Amino acid sequence: SAGKPRILVTRKLPAAVEARLARDYDATFNPTDSVFDGARLVAESAGHDGILVCSTEKLPAAIIEKLPPEIKIVATFSVGHDHIDIAAAKARGLAVTNTPDVLTDATADTTLLLLLAAARRAYEGERMVREDRWGRWEPTGMLGVHVTGKRLAILGMGRIGRAVAQRARGFEMEIHYNNRSRLSPELEQGAIFHEDPEELLTVADFLSINCPATKETHHFLNADRIARMPDGAVVVNTARGSIVHDESLIAALTSGKLAAAGLDVFANEPAIHPGYRDLPNCFLLPHIGSATKETRDAMGFRALDNLDAFFAGKPPRDRVA
Ligand code: 8YV
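Owing to the predicted nature of the structure, the values given are computational and were not obtained by experimental measurement.

What counts, and where the lines are drawn
Note that residues are indexed from 1 along each chain, following the sequence as it is written. Reporting in this predicted model follows two pLDDT cut-offs: at least 70 for local features of residues, and 80 or more for side-chain atom pairs to be given and counted; totals over whole chains, interfaces and linings ignore these cut-offs and use all residues. At least two DSSP bridges between two strands are needed for those strands to be called paired. Only DSSP runs of H or I covering at least 4 residues are called helices, and only runs of E covering at least 2 are called strands; the numbering of each starts at the N terminus. In plain words, the nonpolar core is the set of buried Ala, Val, Leu, Ile, Met, Phe, Trp, Tyr and Cys residues that C-beta atoms within 7 Å link up. Any residue whose C-beta has 12 or fewer other C-beta atoms within 10 Å is treated as exposed, any with 20 or more as buried, and any in between as partly exposed, C-beta atoms being built from the backbone. Residues are treated as contacting if the C-beta atoms built from their backbones sit within 7 Å of each other. UniProt positions are given in the numbering used here, feature names are shortened, and annotations may be inferred rather than shown by experiment.

## Examining the sheet that holds strand β11 (residues 258-263)
Each strand in a sheet pairs with another by means of backbone hydrogen bonds, the pair being arranged parallel or else antiparallel. Taken together, the seven strands give an open sheet; going across it, the order is β8-β7-β6-β9-β10-β11-β12, and neighbouring strands pair in parallel fashion. Strands at the two margins of the open sheet, each flanked by one partner only, are β8 (192-193) and β12 (282-284). Pairing geometry for strand β9 (residues 206-209) and strand β10 (residues 233-237), over four bridges, is parallel. Residue pairing in the sheet places I209 in a bridge with N237 of β10.

So, in structure tokens, the structure goes:
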């Protein structure tokens, strides 16, 4: 395999993706699928031209600076790249690519799953049935939040936010959004732009978080901002846990200020804030937004398309650094 680019693959990937890696690259796989910490990434990347990582691998500036000079590209198997210090990568001329587009539908589907599950108390109901505590049907039992026709506020109207809006229109929801810039009318599809994200919150019967994790969005949803939301609102997060201030969200779900939350992502996952586990009005998923066979295959192929282009001397389609 002399001449093939040498790629360190940190995690176990779909079989078809690993087969293409083995065919086209001099690939080093991780037989145990254990998560790489920074020191191991630095040590094991020696002798490779690039690294294929997942968002489980953290590459802050201190790690990027220690990577051996032969590493020229980090391809991440994710659309999010908050686990990689992009400025540090740029500073040392390291290319970084991500996998947008291919996970938009699966993530938007998961967003609606969480929205409906949280609003209609799916966790409480499911537990009641399974634990044989379903006494009888009650005219006023298990009442949830009505979804159809309500206002949905979308924070971050990129590819995923727009796919959420498209689905929510099927529920006749009124779509409001905040984004760094206003969308064209073709992309807006009638959604109402709020230049001020704090103002967006005032109309949020439902809030869906679909923006990237950045310094600006860190702990965006805090106690002051939750206070601006309508009483009995529902919060859904399929973006990144760091956008939410956990203590504030847990307090609002405990007091009843917020009716419910549906969360697929958490700060410091999988070591989530334990307060969430005790809340019956919280529907919790283990970061499965993109977890369909079709999507994970497509993410792997997209990451490989980027590596292929890079090593062919062409600009990778999804270059973020
Ligand atoms: C991935 C994600 O499952 O793409 C992202 O940003 O959060 C998920 O699709 C995860 O990040 C794996 O790298």
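## Things to note about the nonpolar core
Within the largest apolar cluster, 53 residues are counted, with the highest numbers of intra-cluster contacts made by A118, L207, V234, L258 and A261. Counting residues per element, this core draws most heavily on helix α5 (residues 104-119), at seven residues. For A118, the residues in contact, after removing those within four places along its chain, are V234, V236, A260, A261, G262 and F283. Membership of the second largest hydrophobic core comes to 37 residues, among which are I51, I73, A95 and F310.

## Brief notes about the UniProt feature "domain: D-isomer specific 2-hydroxyacid dehydrogenase NAD-binding" (unreviewed entry) in the protein chain
According to UniProt, the feature "domain: D-isomer specific 2-hydroxyacid dehydrogenase NAD-binding" (unreviewed entry) maps to residues 113-289 in the numbering used here. Here residues 113-289 is 29% helix and 17% strand, with 10 Å between the C-alpha atoms at its ends.

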